[in-house]
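# Structural features, examined
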Amino acid sequence: MKLLLLSRSSAAAILLDHLLLLSRSSDRVLAASISIVCCWANSVYGALRGLETFSQLCTYDYETKSIHIYKAPWYVRDRPRFAFRGLLLDTSRHYYPVDVIKQIIESMSYAKLNVLHWHIIDEESFPLEVPTYPKLWKGAYSKWERYTIEDADEIVK
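Residues numbered from 1 in each chain as written. Predicted model: local features only at pLDDT ≥ 70, side-chain atom pairs only at ≥ 80, totals over all residues. Heavy atoms only, no water.

## A short note on the overall build of the protein chain
A tally of regular secondary structure across the protein chain gives three helices and nine strands. Sequence-ordered secondary structure for the protein chain, helices as α and strands as β, is β-β-β-β-α-β-β-β-β-α-β-α. Residue pairs in contact within the protein chain that sit at least 24 positions apart in sequence constitute 51% of those at least 6 positions apart. About 10900 Å² of surface is accessible on the protein chain, with carbon and sulfur atoms providing 59% of the total. (Helix = DSSP H or I, 4+ residues; strand = E, 2+ residues; numbered from the N terminus. Contact = heavy atoms within 4.5 Å. Areas by Shrake-Rupley, 256 points an atom, 1.4 Å probe, with all protein chains shown as cover.)

Take a look at the structure:
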């Protein structure tokens, strides 16, 4: 099976190790036949979402050790209804360990979400360390449910 990415902005075939032009648009077209898959995208974001859609249409057969494309051939024309598709993570009221937050961020791409709103502090709880105001994070529910500056930096990166 071959995977071909085409960019409308450059009108040329693009290999997977080549970068698409960056833009906010994520329109995409995905087509599959028996031996070739084509993804046309206006931007790198559209190509990533198109590849994500493609991965969701494939299954792995552990017995034959092969990948099956569900009900090919098919043609998908897709574009997001809204420019921003987001997730609210409220850690001010519900503490999540740093590793869990990183897994949530990683899994956002599977649902094609592109905005994370991290609600880290609130009137009831202040679990974030602020070096200039060291008493603030004493407002956390417990001393084990706090985020240090290093934790926040690791999550944001």
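## A look at the nonpolar core
When a protein is soluble and globular, its nonpolar side chains tend to lie buried together. With eleven residues, the main nonpolar core is built from Leu89, Val98, Ile101, Ile104, Trp118, Ile120, Phe126, Leu128, Tyr147, Ala152 and Ile155. Among the elements of the structure, helix 2 (98–107) and helix 3 (149–156) are those that each provide at least two residues to this core. Considering each element in turn, this core owes the most residues, three residues, to helix 2. The residues contacting leucine 128, other than those within four sequence positions of it, are Ile120, Ile121, Trp137, Tyr147, Thr148 and Ala152. Core analysis: the second largest hydrophobic core is formed by five residues, Val37, Phe54, Cys58 and Trp74 among them. (Core = buried A, V, L, I, M, F, W, Y, C linked by side-chain atoms within 4.5 Å. Buried < 20%, exposed > 50% of the residue type's maximum accessible area, 1.4 Å probe, protein only.)

## Some details on the side chain of aspartate 90
Mapped onto the elements, aspartate 90 comes out in strand 8 (residues 86–90). Within polar-contact distance, the side chain of aspartate 90 engages the side chain of arginine 93 at 2.9 Å. For aspartate 90, the contacting residues outside a window of four places in its chain are Tyr96 and His119. (Polar contact = N/O pair within 3.5 Å; in protein donor to acceptor, adjacent residues only side chain to side chain.)

## Things to note about the pattern of salt bridges
Where charged atoms from two side chains of opposite charge approach closely, those side chains can pair. Summed over the entire model, instances satisfying the criterion amount to five salt bridges. The shortest N-O distance in the salt bridge between aspartate 90 and arginine 93 comes to 2.9 Å. Between lysine 102 and glutamate 154 there is a salt bridge, and its shortest N-O distance comes to 2.7 Å. Here glutamate 154 lies in helix 3 and lysine 102 lies in helix 2, a separation of 52 residues in the sequence. (Salt bridge = Lys/Arg side-chain N within 4 Å of Asp/Glu carboxyl O.)

## Section: the packing of helix 2 against helix 3
Close contact between helix 2 and helix 3 brings their axes to 10 Å; oriented N to C, the two are set at 15°. By the criterion of interaxial angle, the relationship of helix 2 to helix 3 is roughly parallel. Judged by the sense of rotation from one axis to the other, the crossing of helix 2 with helix 3 is right-handed. Of helix 3, the residues touching helix 2 (which contributes Val98, Ile101, Lys102 and Ile105) are Asp151, Glu154 and Ile155. (Axes fitted to C-alpha atoms, helices over the stretch in contact; angles between N-to-C directions. Parallel < 35°, antiparallel > 145°, perpendicular 65-115°, else oblique. Left-handed = near helix turned anticlockwise from the far one by under 90°.)

## Some thoughts on unusual backbone geometry
Look at lysine 65: it is not a glycine, yet its phi comes out positive at around 55°. The residue lysine 65 is located in the loop between strand 5 (58–61) and strand 6 (66–69) in this model. For lysine 112, which is not glycine, the phi torsion reads 60° and is therefore positive. Along the polypeptide, lysine 112 turns up in the loop between helix 2 and strand 9 (115–119).

## Regarding the confidence of the model for the protein chain
Averaged over all residues, the pLDDT of the protein chain is 77; the fraction at 70 or higher stands at 78%. Low pLDDT, under 50, characterises residues 6–25; the stretch is placed with 39 contacts to residues that sit more than four places away or in other chains. (pLDDT = per-residue confidence, 0-100.)

## Notes on the environment of lysine 157
As for its position among the elements, lysine 157 is in the segment after helix 3. Between the C-alpha atoms of lysine 157 and lysine 102, which are 55 residues apart in sequence, the distance is 9.9 Å.

## Regarding the environment of aspartate 90
Residue class for aspartate 90 comes out buried when judged on its relative accessible area of 15%. Distance from aspartate 90 to aspartate 122, taken between C-alpha atoms, is 9.3 Å for residues 32 residues apart in sequence. One polar contact links aspartate 90 to serine 92, side chain to side chain, over a distance of 2.7 Å.

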